[in-house]
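Residue strings, one per chain:
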Amino acid sequence: MATWEPISVIAEKVRGGELKAVDLVEQSLKAIEEAEDYRAVIAVTADRARERAKAIDVKPKGRLAGVPFIAKDNFLVFGAETTAASNILKGFNAPYQSTAIEKLEAEGAICVAKANLDAFAHGSSTENSDFFTTKNPADPTRVPGGSSGGSAAAAALGLAPFALGTDTGGSIRLPASFTGTVGYKPTYGLVSRSGVVAMASSLDVIGPLARTVEDAALVLDVMAGKDELDSTTIDRDPINYFPLTINDSLAGKRIGIIKEYMGEGLQPGVKQQIEQAVQKIKQAGAEVVEISLPSLPLALAVYYILCPAEVSSNLSRYDGQRYGYTYAEAKDLDESYMLSREKGFGKEAKRRIMIGTYVLSSGYYDAYYKKAQTVRTKLINEFNEAFATVDLLLGPTAPEVAFKIGENTEDPLKMYLTDIMTVAVNLAGVPAISIPCGTSDNLPVGLQLIAPQRADRALLEAAKAAEGVLA
Amino acid sequence: MAKLTRDDVLKLSKLARISLSDEEVDEFTDELSTILGYVEQLDSVDVIGLSPTNQVTGLTNVMREDEVKDYGYAPLDLLKDVPQVQDNQIKVKRMIG
């Protein structure tokens, strides 16, 4: 397992000439090759990475000078195909790059590989990848979580100092929890999604998976801010997200432990780790109170209406005509649509498109889609009421530790339930983080901290302080 | 509880422009009924006085100047992933027989 110094230190050493970007890239590529059995990576961008490293070494500059990273394969990146782990996009070479990638490159970071995911980010285990399943570094018979499972495994294995993921219903935080890494889901709109394969546009965000909160904060700081290519982006905090000050970040903080996440369905081993973490956070000076958001148990039902609805709309662009797979033998346009999509999409994409089409169809729209959007309002109101009395919310990231490969694949609803503690955050658009919080049966447990919209900096500072007391 | 029939699923597959195998139609008939059964717990939720949430940023009318910007992409580069191209246009199959 490769180890890396803090990202800011690596970049400083590259800028000072003490480390060479070309060596860092080779170190990363070697780590990827050695960890091949875990199948975290779909493709390497070795040629382009080596070229960029050479250029950076001539005149090293930037806050991420020479720092290798791995992008989930739903980011448009030069140097390899962008497939979103789907057959329908196999062979697709991006004509432009994601804004997030451009911003990281502008600070000297170097993308070395594309990470595996559940196809189109639909899933909680990477088992829905149309190509292969990624193995959990903590136990290769288990899933790494999803959908950013390849990115999380890459961060856990140290294939690069950080990886990028996307989070629509927990796809950064869940795999972070399952692999013992840090996964950050920013406030909705804080990071541009231009050039990232869209899943559910009212929920999708981009964020880092890393080994420490500090590393995640630096990556966020580079990516955050308005982008004219994504009109949903919001202004960044006038105070940067890095470096973080942690003096007394927990002392005097009022933290609400979410009652609905600590009850039925929570594995005893996970519960125990969370309760121990709460004790340590209290000892660090925080006041921890129990808090109830009564509509939280409804969040998954809301999510599994809104998400498939938006998915069915976003995935209509994969029609076999403009890019991606096409069924060449079709006799007319309609048959080309029907058969290109049948052969190009995997089962989960089809399942979600079908659910989405149903809930949006005439006669059902009000009963499903509009009702879900209205319950979403109820949930947001409860978050707002909670944040009127506490600074942060706390709970487990997932009700369980990583499950066995194949354990949930026969039952889609059971798989969906994996996301029960992460989806509400996306519905409310608030920021959240998963940090490592001990183990249960030798498998990582994740602690989730949630803050009000745009309180990303305060959340990262509290998480860094918590990381310190939990270590 | 929503109980979907095979015909419902076939109709959806036409609306969504995805052909399905017989086996998939059977599977989805069961699975979609189960999933829709789960989400129907929302039916009984009291939402009187609440409006639907369409977005969470609070941004309104994000506008830009209506001007041509050169992002530096050559048309041919943008067409390189298209399955069939003719005269710099995307070519599709005939629409009507």
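First, a word on scope: everything that follows refers to the structure included in this document. (Residues numbered from 1 in each chain as written. Chains lettered and ligands numbered in written order. Predicted model: local features only at pLDDT ≥ 70, side-chain atom pairs only at ≥ 80, totals over all residues. Heavy atoms only, no water.)

### Things to note about the overall build of chain A
For clarity, the cut-off: A run of H or I in DSSP counts as a helix once it spans at least four residues, and a run of E counts as a strand once it spans at least two, with each numbered from the N terminus. Here the globule rule reads 2.2 Å times residues to the power 0.38, and the radius of gyration is calculated from C-alpha atoms. Three labels apply to residues, based on accessible area from a 1.4 Å probe with only protein chains included: buried if under 20% of the type maximum, exposed if over 50%, partly exposed otherwise in between. It only takes one pair of heavy atoms within 4.5 Å for two residues to be counted as in contact. All accessible areas in this document rest on Shrake-Rupley with a 1.4 Å probe, and a residue is counted as covered only by the protein chains that are shown. Counting rule for charge: Lys and Arg are taken as positive, Asp and Glu as negative, and neither His nor the chain ends is counted. A charged residue contributes its charge at one atom only: NZ of Lys, CZ of Arg, CG of Asp or CD of Glu.
Within chain A, the regular secondary structure consists of 15 helices and 11 strands. In terms of overall size, chain A behaves like a compact globule, its C-alpha atoms giving a radius of gyration of 21 Å where 471 residues would be expected to give roughly 23 Å. For the C-alpha atoms alone, the extent of chain A along its principal axes is close to 70 × 60 × 45 Å. Within chain A, the proportion of its 471 residues that are buried is 65%. Put simply, of all contacts in chain A between residues at least 6 apart along the chain, 77% involve residues at least 24 apart. When the accessible surface of chain A is totalled, it reaches about 15,500 Å², and 48% of it is carbon and sulfur. Placing the 48 positive and 58 negative side-chain charges of chain A at their respective mean positions leaves the two points 1 Å apart.

### Brief notes about helix α9 (residues 299–314) of chain A
The α-helix winds at 3.6 residues per turn, so residues separated by three or four positions along the chain end up facing the same way. Keep this limit in mind: Helix span, expected: 1.5 Å multiplied by one less than the number of residues in the helix.
Compared with an ideal rise of 1.5 Å per residue, which puts 16 residues at 22 Å, α9 of chain A spans 22 Å between its outermost C-alpha atoms and is within 8% of the ideal. In terms of residue burial, α9 of chain A counts as a mostly covered element, since 15 of its 16 residues are buried.

### Points about the layout of surface pockets
How we decide: The method works on a 1 Å grid over the protein atoms by themselves. A cavity is a set of points holding a 1.4 Å probe that cannot get out, a pocket is an open set with protein on both sides within 12 Å along at least five of seven lines, and residues with an atom within 4 Å of a point line them. Grid points are joined across faces, edges and corners, and a volume is the space filled by probe spheres set on the points. The nonpolar class holds Ala, Val, Leu, Ile, Met, Phe, Trp, Tyr, Cys and Pro. Asp, Glu, Lys and Arg form the charged class, and all remaining residues, Gly among them, are polar.
As a volume, the largest pocket reaches approximately 710 Å³. Considering the residues around the largest pocket, the lining is formed by 37 residues, among which L76, Y96, G195, V196 and R317 of chain A are closest to the centre. Residue classes in the lining of the largest pocket are distributed as 21 nonpolar, 9 polar and 7 charged. Its boundaries defined by the atoms lining it, the second largest pocket holds a volume of some 350 Å³. Lining the second largest pocket are 21 residues, with N128, K347, E348, R351 and T409 of chain A positioned closest to its centre. Contributions of two or more residues to the lining of the second largest pocket are made by α11 (347–360) and α13 (412–417) of chain A together with α2 (22–39) of chain B. Counting residues per element, the lining of the second largest pocket draws most heavily on α11 of chain A, which supplies 5 residues. In the lining of the second largest pocket, the residues fall into 5 nonpolar, 6 polar and 10 charged.

### Here's the deal with unusual backbone geometry
Residues and elements named next belong to chain A. Residue S147 follows G146 across a cis peptide bond; omega there is 5°. Examined against the element boundaries, S147 turns out to sit in the loop between β3 (110–115) and α5 (149–157). Put simply, F242 and P243 share a cis peptide bond, and its omega is -5°. One non-glycine residue, A85, lies in the positive phi region at around 55°. You will see that N442, though not glycine, has its phi angle at about 65°, which is positive. On the secondary structure map, N442 appears in the loop between β10 (432–440) and β11 (443–450). Judged by its relative accessible area of 67%, N442 is exposed.

### As for the packing of aromatic side chains
Residue and element names in this part refer to chain A. To keep things clear, this is the line we draw: Here a pair means two rings of Phe, Tyr or Trp (six-membered ring of Trp) with centres within 6.5 Å. Their orientation is stacked below 30 degrees between planes, edge-to-face above 60, and tilted elsewhere.
In total, this model carries 15 aromatic pairs over all chains according to the counting rule given. When the centroid spacing of 5.9 Å and the interplanar angle of 90° are considered together, the rings of F178 and F403 count as edge-to-face. Note that F178 is positioned in helix α6 (residues 173–179) and F403 in the loop between β9 (392–396) and α13, a separation of 225 residues in sequence. Judged by relative accessible area, F178 falls into the buried class, the value being 0%. Under the relative-accessibility criterion, F403 is labelled buried at 2%. Relative to Y416, the ring of Y304 lies with its centre 3.9 Å away and its plane at 5°, an arrangement referred to as stacked. Here Y416 lies in helix α13 and Y304 lies in helix α9, a separation of 112 residues in the sequence. The buried category is assigned to Y304, whose relative accessible area is 3%. Clustering of aromatic rings is evident, with ring pairs tying together F92, F120, Y318, Y323 and F345.

### Looking at the pattern of salt bridges
Short version of the rule: Put simply, a salt bridge is a Lys or Arg side-chain nitrogen that is within 4 Å of an Asp or Glu carboxyl oxygen.
Within the structure shown, the criterion is met by 27 salt bridges over all chains. Across the pair E348 of chain A and R352 of chain A runs a salt bridge whose closest N-O atoms are separated by 2.7 Å. Of the two residues, E348 of chain A and R352 of chain A both sit in helix α11, 4 residues apart, roughly one turn of that helix. Close ionic contact of R6 of chain B with D26 of chain B constitutes a salt bridge, the shortest N to O distance being 2.3 Å. In this pair, R6 of chain B is assigned in helix α1 (residues 6–15) and D26 of chain B in helix α2, connecting sequence segments 20 residues apart. One connected set of salt bridges, linked through shared partners, spans E348, R351 and R352 of chain A together with E31 of chain B.

### Structural notes on the packing of helix α7 (residues 213–223) of chain A against helix α15 (residues 456–470) of chain A
Residue and element names in this part refer to chain A. The following threshold applies: Axis definition: a line fit to C-alpha positions, over the contact stretch in the case of helices; interaxial angles, taken between N-to-C directions, run 0 to 180 degrees. Relative orientations are named as follows: roughly parallel for angles under 35 degrees, roughly antiparallel for angles over 145 degrees, roughly perpendicular for angles from 65 to 115 degrees, and oblique for any other angle. Should the near helix be turned anticlockwise from the far one by less than a right angle, the crossing is left-handed, and should it be turned clockwise, the crossing is right-handed.
Packing of α7 against α15 brings their axes to within 9 Å, and their N-to-C directions diverge by 160°. The pairing of α7 with α15 is recorded here as roughly antiparallel in orientation. Between α7 and α15 the crossing geometry is left-handed. Along the contact surface, α7 presents V213, E214, A217 and L220, while α15 presents D456, L460, A463, K464 and E467. Per-class residue counts for the contact of α7 with α15 are 5 nonpolar, no polar and 4 charged.

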